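Residue-level structure breakdown
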Amino acid sequence: MSGAPAADTPAKVFRRTADLATLNALSPGTAIEALGIVFTAIGSDHLVATMPVDARTLQPYGLLHGGASVLLAETLGSSAGNLCVGEGEVCVGIEINANHLRGVRTGLVTGTARPLHLGRSTQVWEIRIVDPRGRLACVSRLTLAVVAAA
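The rules behind the values
All residue numbers refer to position in the chain's written sequence, counted from 1. Reporting of local features is limited, given that this is a predicted model, to residues whose pLDDT is at least 70; pairs of side-chain atoms are given and counted only at 80 or more, and all residues count toward the totals for whole chains, interfaces and linings. With hydrogens and water stripped out, all remaining heavy atoms of the structure feed into the side-chain values. The secondary structure listing takes helices from DSSP runs of H or I that are at least 4 residues long and strands from runs of E that are at least 2 residues long, numbered from the N terminus. Two N or O atoms form a polar contact when they lie within 3.5 Å of each other; inside protein one atom must be a possible hydrogen donor and the other a possible acceptor, and for residues adjacent in sequence the pair counts only when both atoms belong to side chains. In what follows, residue pairs with any heavy atoms lying within 4.5 Å of each other are defined as contacts. Cavities and pockets were defined on a 1 Å grid built over protein atoms only: a cavity is a set of grid points that admits a 1.4 Å probe from which the probe cannot escape, a pocket is an open set flanked by protein on both sides within 12 Å along at least five of seven lines, and lining residues are those with an atom within 4 Å of any such point. Grid points are joined across faces, edges and corners, and a volume is the space filled by probe spheres set on the points. Under the convention adopted here, Pro, Cys and the residues Ala, Val, Leu, Ile, Met, Phe, Trp and Tyr are nonpolar, Asp, Glu, Lys and Arg are charged, and Gly plus all remaining residues are polar.

**Description of the side chain of Asp-131**
Relative to the elements of secondary structure, Asp-131 occurs in the loop between β5 (122-130) and β6 (136-148). Reaching out from Asp-131, the side chain makes a polar contact with the backbone nitrogen of Arg-133 at a distance of 2.9 Å. Separated by 2.8 Å, the side chains of Asp-131 and Arg-135 make a polar contact. In this structure Asp-131 touches Arg-102, Val-104, Leu-108, Val-109 and Ala-137, once residues within four positions along its chain are discounted.

Structure follows, in structure tokens:
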């Protein structure tokens, strides 16, 4: 038996070490805190966060606001992307799209970001947001530029 991982084992994509406490400590005073987004899991190839569906995130018709879903998606993708770059580099969003597939009225939505492409100058992330019953509510794709840290 070889020491290589099984074909269905996800590859480790994060170059920087981070824990949930460190990621969540970056939120105070930001839109992340204002919308109640909390990082809840880090895997070898993914990052997970939750967001409440409440007065902060609803649109006037009682459904989760698409913009709130996009904010969750960009938070997840950008945070994950920044864990994949080397010292002296950061990721910044340059394009995001989202397809809103199911209305959500209450509860906690959960987003999971996974990389589609991790290049030297760009990254592409897919973020899937599910409702409290695990049904797909939104799928988003985020493109990041890898640039020198200021």
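After presenting the structure, the write-up continues.
**Remarks on the layout of surface pockets**
Size it by volume and the largest pocket reaches roughly 190 Å³. In terms of lining, the largest pocket is formed by Arg-16, Thr-17, Ala-18, Thr-22, Leu-23, Leu-26, Ser-27, Ile-32, Phe-39, Ser-79, Asn-82 and Leu-83. Sorting the residues of the lining of the largest pocket by element identifies α1 (20-24) and α3 (66-82) as the ones contributing at least two each. Split by residue class, the lining of the largest pocket holds 6 nonpolar, 5 polar and 1 charged.

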